[in-house]
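Residue strings, one per chain:
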Amino acid sequence: MAVSRIRRWRPTTPVITAVLLAAMPLIFISDFARAIQLRFCVMLLLLTGLNFINGYARMSSLAQAGFYGLGAYTAGILAARLDVPPALAFVAAPVLATVAALVIGAASLRLRATYFTMATLGAGYILYILFGRMTGVTGGPNGLLGIPALSVAGIEISGPLPMYVLAAALALLGVVVAYNFERSRAGRALRALGASEPAAVASGVRAFRLRLFAFALSGCYAGVAGALETFDATFVSPSSFGFLTAVLCVVGLTVGGAGRAAGPLIGAALLTALDELGTEYAGYEMLIVGLVFLVVVQAFPGGVAGAVGARWPRRGARPAVARATEGSAS
């Protein structure tokens with residue numbers, strides 16, 4: 001019996017993430033490697049948040065880059081311009097990004113398909129324009145300078161390794177929260193809503209409220225990622241939060257496997273690698289991204305994680321709509 005249980009056991013996404021995040025700084029120890037590792041954590045947070053709305057709810061949002069920038073600028077402006085303690089500025093970043101997501105979601109989530117995607121694209125673009133045009137507050141195209149190092153209770157968190165430890169801890173926490181949400185009643189209801197809205201609504205799922213909650217979660221994760229980016233670089237520029245970043249987030253999640261717990265992990269690794277290739281092959285980044293996207297989508301329509309999941313399905317798995325009928329989500 002014990003041997004049978006061992007054979008059936010497979011590591012969960014949080015376990016794989018924890019092992020990966022713990023192993024990376026032990027294998028690659030240079031400061032340059034630390035910067036890449038921290039970038040991976042930031043991308044993992046962005047894609048994990050995006051997976052709530054693009055993966056589970058199956059609604060294509062292009063606003064993640066805008067929320068990412070809002071979190072980054074909130075942390076930077078509060079710490080550099082208003083002399084707010086860096087720790088408090090860090091906490092305020094995801095709070096404001098969540099509020100913005102609630103406002104934008106309330107205005108756009110009743111739209112469907114392409115109309116919702118265009119609404120989120122417009123919202124993200126408006127935020128991007130504000131980052132570049134509000135020169136007196138954001139520094140405009142030249143960026144925001146003078147951001148102090150992050151400190152908590154008088155203890156400064158700066159330098160490659162301390163910042164990576166913080167980023168890894170937050171990324172792992174984000175993965176654990178998303179993994180448990182997916183298996184909760186609300187998570188099952190959200191997946192059912194993405195699979196078949198009429199069936200989910202007939203089962204008692206409150207569609208608009210649940211989608212708004214998922215959209216707010218995506219904004220919260222992006223706000224945390226933005227705050228990390230700000231206090232790591234101690235500089236914020238609007239060029240990091242434009243249309244290209246929004247598209248890369250969607251591509252990374254799609255290739256990794258939208259709607260799968262491991263999808264953001266695979267997508268973050270891909271985007272981090274592509275970011276490094278972009279520095280080596282300047283001017284060819286979008287060509288490389290396009291080729292990777294076309295090849296993977298043709299070979300694995302459900303993404304890499306979807307292909308792996310189809311080969312090794314979870315024991316006892318049932319369709320999302322059937323699982324949602326066990327109870328409605330408020």
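In this text, all values refer to a predicted model and were calculated from it rather than measured experimentally.

Within the chain, residue pLDDT values average 88, and 89% of them lie at 70 or more. Counting contacts from residues 315-330, a segment whose pLDDT is below 50, to residues more than four positions away or on other chains yields 31 contacts.

Our focus in this paragraph is unusual backbone geometry. Glycine aside, the phi torsion of most residues is negative, and most peptide linkages are trans. Of note, the phi angle at Arg58 is positive, near 60°, even though the residue is not glycine. Within the secondary structure layout, Arg58 lies in the loop between helix H3 (31-56) and helix H4 (64-80). On the accessibility criterion, Arg58 (58% relative accessible area) is exposed. For Ala113, which is not a glycine, the phi torsion comes out positive at approximately 50°. Along the polypeptide, Ala113 turns up in helix H6 (residues 113-133).

Here the focus is the environment of Ser30. Tracing the backbone through its elements, the reader meets Ser30 in the loop between helix H2 (13-27) and H3. Taking the C-alpha atoms as reference points, Ser30 and Pro160, separated by 130 residues in sequence, lie 9.0 Å from one another. A distance of 3.1 Å separates the side chain of Ser30 from the backbone nitrogen of Ala33, its partner in a polar contact.

Considering soluble globular proteins, one finds that nonpolar side chains tend to be buried as a cluster. The biggest cluster of nonpolar side chains holds 84 residues, and the ones touching the most others in it are Leu21, Leu46, Phe52, Ile53, Phe67, Phe215 and Phe231. Among all residues touching Phe215, those that are not within four sequence positions of it are Ile53, Ser61, Ala63, Phe67, Ala101, Ile104, Gly105, Leu109, Phe116 and Thr120.

Turning our eyes to something else, we now look at helix H12 (residues 243-256). Here H12 spans 20 Å end to end across 14 residues, near enough to the 20 Å set by a 1.5 Å rise per residue. Of all the positions in H12, only Thr245, Ala246, Leu248, Cys249, Val251, Gly252, Leu253, Val255 and Gly256 are classed as buried. Downstream of H12 by a residue or two, Gly257 has a phi angle that is positive, lying close to 130°.

We now examine the packing of aromatic side chains. Enumeration over the complete set of coordinates arrives at twelve aromatic pairs. On the numbers, 5.4 Å between centres and 65° between planes, the contact of Phe52 with Tyr221 is edge-to-face. Taken as a pair, Phe52 in helix H3 and Tyr221 in helix H11 (residues 207-233) lie far apart in primary sequence, 169 residues in all. Taking the relative accessible area as the measure of exposure, Phe52 reaches 0% and is therefore buried. Above the plane of the ring of Phe208 lies Arg110, whose end atom (NZ or CZ) is 3.9 Å from the centre.

Criteria and thresholds
Residues numbered from 1 in each chain as written. Predicted model: local features only at pLDDT ≥ 70, side-chain atom pairs only at ≥ 80, totals over all residues. Heavy atoms only, no water. pLDDT = per-residue confidence, 0-100. Contact = heavy atoms within 4.5 Å. Helix = DSSP H or I, 4+ residues; strand = E, 2+ residues; numbered from the N terminus. Buried < 20%, exposed > 50% of the residue type's maximum accessible area, 1.4 Å probe, protein only. Polar contact = N/O pair within 3.5 Å; in protein donor to acceptor, adjacent residues only side chain to side chain. Core = buried A, V, L, I, M, F, W, Y, C linked by side-chain atoms within 4.5 Å. Expected span 1.5 Å × (residues − 1). Phe/Tyr/Trp six-rings, centres within 6.5 Å; stacked < 30°, edge-to-face > 60°. Lys NZ or Arg CZ within 6 Å of the ring centre and 35° of its normal.

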